[in-house]
Amino acid sequence: DGQTRNRLSVSFVEAWAKQDAGSALAWCEENLSGSNFTRAVGGVLKGAAEKDIAGAAALVGAMKPSHARAEAAAAVADKWFPRLSSNTIVKPETMAWLASLDAESVKRVLDRAQWGWSTSDPKSMAAFLAGSNSEQIPASAYSILAREMARKNPPEALEWASRLPESRSLDAGAEAFAEWRISQSDTAMKWLND
């Protein structure tokens, strides 16, 4: 019955996607709708990403922009982006994939990946954010990265923030300065006064 199918579909299609992600995704499109469909598509891509991350990313790329695509992109990001402080470098193909997504999917990926990415590979995240349309980036991504960069190199963080679009620059710079002031109050205040 429909209620049982909806309850079990996410686990079912996640396991199925490890063997045949395309068929599992097609089954979801034919048999589910609404939030059940969105959750199940996330499950499909979670299962597919465990077996073949590049293939899973390609599946997401082929989907039409939707809530389901955003959830699928987040599932791929869970496997493709670094975990908190893992010091893993984000590969160029990962960044190219993210840049090719629609705004809703980019926001969803960054909501999931921003902490791990900012602590593990802040330079690539800084480059991505600086080169992206600021409307598709959650404001929290700029703030989180500015603080993380300021922990390692405050002047570099402030320089990066100064190159952002004006709508993001002031907030990111303020976050970087606040972090700097916490860790090196005298140096930060001298910089400000100068």
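Below or above, wherever it landed, is the structure these notes cover. (Residues numbered from 1 in each chain as written. Predicted model: local features only at pLDDT ≥ 70, side-chain atom pairs only at ≥ 80, totals over all residues. Heavy atoms only, no water.)

It is worth spelling out the packing of aromatic side chains at this point. With the rule as written, the count across this model stands at 10 aromatic pairs. Ring geometry for Phe-12 against Trp-16: centres 5.5 Å apart, planes inclined by 55 degrees, an arrangement best described as tilted. One end of the pair, Phe-12, and the other, Trp-16, are both in helix α1 (residues 2-31), 4 residues apart, so they sit about a helical turn from each other. Judged by its relative accessible area of 45%, Phe-12 is partly exposed. Exposure remark for Trp-16: the relative accessible area of 26% places this residue in the partly exposed category. Measuring from centroid to centroid gives 6.4 Å for Phe-177 and Trp-180, while their planes differ by 80 degrees, and the two rings are edge-to-face. Of the two residues, Phe-177 and Trp-180 both sit in helix α10 (residues 166-183), 3 residues apart, roughly one turn of that helix. (Phe/Tyr/Trp six-rings, centres within 6.5 Å; stacked < 30°, edge-to-face > 60°. Helix = DSSP H or I, 4+ residues; strand = E, 2+ residues; numbered from the N terminus. Buried < 20%, exposed > 50% of the residue type's maximum accessible area, 1.4 Å probe, protein only.)

Quick look at the packing of helix α8 (residues 139-152) against α10 now. The contact between α8 and α10 brings their axes to 8 Å, and the two run at 35 degrees. Regarding α8 and α10, the two cross each other, and that crossing is right-handed. Across the interface between the two elements, Ala-139, Tyr-142, Ser-143, Ala-146, Arg-147, Ala-150 and Arg-151 from α8 touch Arg-168, Ala-172, Glu-175, Ala-176, Ala-178, Glu-179, Trp-180 and Ile-182 from α10. (Axes fitted to C-alpha atoms, helices over the stretch in contact; angles between N-to-C directions. Left-handed = near helix turned anticlockwise from the far one by under 90°. Contact = heavy atoms within 4.5 Å.)

For the structure on display, the rule yields 14 salt bridges. As a salt-bridge pair, Arg-112 and Glu-71 come within 3.9 Å of each other at their nearest N and O atoms. You can see Arg-112 sitting in helix α6 (residues 103-120) and its partner Glu-71 sitting in helix α4 (residues 67-80), a full 41 residues away along the chain. Residue classification places Arg-112 among the partly exposed residues on the basis of a relative accessible area of 35%. Put simply, Arg-147 and Glu-175 hold a salt bridge, and the shortest N to O gap is 2.5 Å. Pair noted here: Arg-147 is in helix α8 and Glu-175 is in helix α10, with a separation of 28 residues, a long-range link. A residue is classified by how much of its surface remains accessible, and Arg-147, at 25% relative accessible area, is partly exposed. (Salt bridge = Lys/Arg side-chain N within 4 Å of Asp/Glu carboxyl O.)

Peptide bonds are mostly trans, and most non-glycine residues show a negative phi. Positive phi outside glycine occurs at Ser-85, with the angle close to 55 degrees. With respect to the secondary-structure elements, Ser-85 resides in the loop between α4 and α5 (92-100). With a relative accessible area of 48%, Ser-85 lands in the partly exposed category. For Asn-87, which is not glycine, the phi dihedral falls at a positive 60 degrees. Here Asn-87 shows up in the loop between α4 and α5.

Function-wise, these values are silent; they only describe arrangement.
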